[in-house]
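Letter by letter, the chains look like this.
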Amino acid sequence: VQLQASGGGLVQAGDSLRLSCAASGRTFSRNAMGWFRQAPGKEREFVAGISWSGGSTYYGDSVKGRFTISRDNAKNTVYLQMNSLKPEDTAVYYCAARDSRWPVPVTRAGAYDYWGQGTLVTVSS
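Residues numbered from 1 in each chain as written. Predicted model: local features only at pLDDT ≥ 70, side-chain atom pairs only at ≥ 80, totals over all residues. Heavy atoms only, no water.

S.K.: Describe the pairing of strand β7 (residues 67-72), naming the residues involved and giving the relevant values.
M.R.: Residues Phe67, Ile69 and Arg71 point to one face of β7 and are all buried, whereas Thr68, Ser70 and Asp72, pointing to the other face, are not buried. Sheet topology places β7 next to strand β8 (residues 77-82); six bridges connect them, and they run antiparallel. Opposite Thr68, over in β8, you have Gln81 as the bridge partner. The hairpin formed by β7 and β8 contains four residues between the paired strands, and Asn76 there has a positive phi angle of roughly 55°. (Buried < 20%, exposed > 50% of the residue type's maximum accessible area, 1.4 Å probe, protein only. Helix = DSSP H or I, 4+ residues; strand = E, 2+ residues; numbered from the N terminus. Pairing = 2+ DSSP bridges.)

S.K.: Give me the lowdown on the side chain of Thr77, citing residues and values where you can.
M.R.: Relative to the helices and strands, Thr77 resides in strand β8. Within the structure, the side chain of Thr77 is placed 2.8 Å from the backbone oxygen of Lys75, a separation counted as a polar contact. (Polar contact = N/O pair within 3.5 Å; in protein donor to acceptor, adjacent residues only side chain to side chain.)

S.K.: Help me get a handle on unusual backbone geometry, residues and values and all.
M.R.: Glycine aside, residues mostly have negative phi, and peptide bonds are mostly found in the trans state. A positive phi angle, close to 55°, is found at Asn76, a residue other than glycine. Its identity as a non-glycine residue notwithstanding, Ser84 has a phi of 50°, on the positive side. Residue position: Ser84 is located in the loop between β8 and β9 (91-97). Owing to a relative accessible area of 40%, Ser84 belongs among the partly exposed residues under this scheme.

S.K.: Provide a residue-level description of the layout of surface pockets, including the pertinent values.
M.R.: In this structure, the largest pocket occupies an estimated 170 Å³ of space. Forming the walls of the largest pocket are 13 residues, and the residues nearest its centre are Arg37, Ala39, Lys42, Glu45 and Glu88. (1 Å grid on protein atoms, 1.4 Å probe; cavity = no way out; pocket = protein on both sides within 12 Å on 5 of 7 lines; lining within 4 Å. Points joined across faces, edges and corners; volume = space filled by probe spheres on them.)

S.K.: Now, about the state of the cysteines: what can you tell me, with residues and values included?
M.R.: Within the structure shown, the criterion is met by one disulfide. Between the sulfur of Cys21 and that of Cys95 lies a disulfide, 2.1 Å long from S to S. Around the S-S axis, the bridge from Cys21 to Cys95 shows a dihedral of about 60° and counts as right-handed. Taken together, the residues span a long stretch of sequence, with Cys21 in strand β3 (residues 17-24) and Cys95 in strand β9 at a distance of 74 residues. The same class applies to Cys21 as to Cys95, namely buried. (Disulfide = S-S within 2.5 Å.)

Structural data, given as structure tokens:
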């Protein structure tokens, strides 16, 4: 599975942004997907995850109620809708996929087998 993240940019606090992650590979519809982020000087942080079917979603505590993860298996794409953005959301955002043996996402970055290149989100105050 190859992943390509896009949609990052510079926004103001309170704005919204939608990230996309386009995947190639025949198993995408069976891959649990996740979004992570990494700010300068900080460890990579779990943001959101979605099961292969889209029926289950998970969120990090810092984004609950503001971010929504979704997927369109027909388009081989996973999305991250980010609302009410805060300066502390500034980071490089990465999408990741688990091997198709594992149908649900987890918060541990090491459990993901495939990673996109990252897209930068900057939120100004």
